[in-house]
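Geometric and topological summary
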Amino acid sequence: MNYKDHRDMNETVVGSLPLTVKLDVSDIPLDNGGRVIMWVFTFIMCISIPLNAAIMAACFYRRFNSPMLMYIALSSLADTLWGVVVISSFVSGIIARRKIISFNECLVQLFCIHCTGIQQFLTTWLMYVDRHWAIFWPYSYVALMVNKGGAVKLVMVVLTIGLLLGGSFVVVSTTMVYCNSSVVVRDVLCAYSSVAMSSCGNVNPALIYSLFFLYVVFGLTGFTAVYSTWCIVRKCRKSSTEANLKALHTCFTQLFASLAQFMSLIGITVLKRFLRIPTFDFILVLTSAVTPAFVNPLIFGFRMQEIRSTIVLAFRKIQVIHHEKPFNLGVIAVTENDILERKK
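The structure reproduced in this document is the subject of the present report.

Rules behind the numbers
Residues numbered from 1 in each chain as written. Predicted model: local features only at pLDDT ≥ 70, side-chain atom pairs only at ≥ 80, totals over all residues. Heavy atoms only, no water. Helix = DSSP H or I, 4+ residues; strand = E, 2+ residues; numbered from the N terminus. Contact = heavy atoms within 4.5 Å. Pairing = 2+ DSSP bridges. Axes fitted to C-alpha atoms, helices over the stretch in contact; angles between N-to-C directions. Expected span 1.5 Å × (residues − 1). Buried < 20%, exposed > 50% of the residue type's maximum accessible area, 1.4 Å probe, protein only.

The helix and strand tally for the chain stands at 11 helices and three strands. Its helices and strands in sequence order give the chain the pattern α-β-α-α-β-α-α-α-β-α-α-α-α-α, from N to C terminus. Within the chain, counting contacts between residues at least 6 apart in sequence, those at least 24 apart form 81% of the total.

Okay, structure coming up:
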């Protein structure tokens, strides 16, 4: 079924919002190993969930004694939710072969996808703002961010912005004109652009709105990352003090995490535009879903001393408990034998 056929199915009689959405996955190469690829990325995502849980637990164990630990925990949560939403949508559409969903479910899916995706980049932006402020204006940073709980307030602001932007995509989707009670979305999930292309009116303003705000978020995060990294490296490279070396270390840790985000974003945007190969597109989308959730815990776990030491300490405690159990069981067995012998 070609694109014109889809448009014809969506163009009958103008009415209210559609009742159901049919997900067209005909472009996904299911017969050429598509399901195997899906299972591989699902397995990677399943590994990523406990990795991110360990990062969040380590930050919580430290009682978020620095604002950066709070941001890292928030970033791990956003990465995990983003990966779970995308992968679960693919599993539902490909593995479970659930092709028809309600329009309300489609809107919920749309909200979750864009809210978690936007939250990823806003949290990264918040990390760079925090480090830049701490290095260049340390006195006001301590007074406002540490002593007066400014970090918590900034986190609440960023969360609110992410929720509002995600909700706005849902609102705009309901303002578009749909010409049938059941529309066809040419995707395995309800991304905003796919839903917009399934409508038959008021499409261009909706697409302009989405592209504007998405590129504002991406551009703001990218510009802040480049500018802040350049300023911090320029300030700290000539000094060998412990504070400056730690600032450089944290700066490059954030840079590695940002590269994982932007490389997946650029890859899926640019390569999908010029290389229209269904199998390649399919793999790119799955890669962009699992890369932040899988890579960022490794980056933060290996490079952040507070997180690394906490995880190592927890691992050693588990080892001690594991080694003590056989000993305790042996002691119990010896004690029971002594009691029986005394009774005899």
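Our next topic: the sheet that holds strand E2 (residues 100–102). Ordered in space as E2-E1-E3, the three strands form an open sheet in which the pairing is mixed. Looking at strand neighbours, the two that pair on one side only are E2 and strand E3 (182–185), the edges of this open sheet. Taken pair by pair, the neighbouring strands of this sheet meet at an average axis angle of 30 degrees, ignoring direction. As paired elements, strand E1 (residues 20–23) and E2 share three bridges and run antiparallel to each other. If you follow Lys22 over to E2, its bridge partner there is Ile100. Its contacts with the sheet place helix H4 (residues 103–136) against E1 and E2, and it is angled at close to 85 degrees to E2.

What follows concerns helix H2 (residues 34–61). One turn of an α-helix holds 3.6 residues; hence residues three or four places apart share an orientation. The end-to-end C-alpha distance of H2 is 41 Å, a good match for the 40 Å that 28 residues give at a rise of 1.5 Å each. Inspection of H2 places Gly34, Ile37, Met38, Phe41, Thr42, Met45, Ser48, Asn52, Ile55, Ala58 and Cys59 among the buried residues, and these make up the whole buried set. Arg63 sits one or two residues past H2 and shows a positive phi near 60 degrees.

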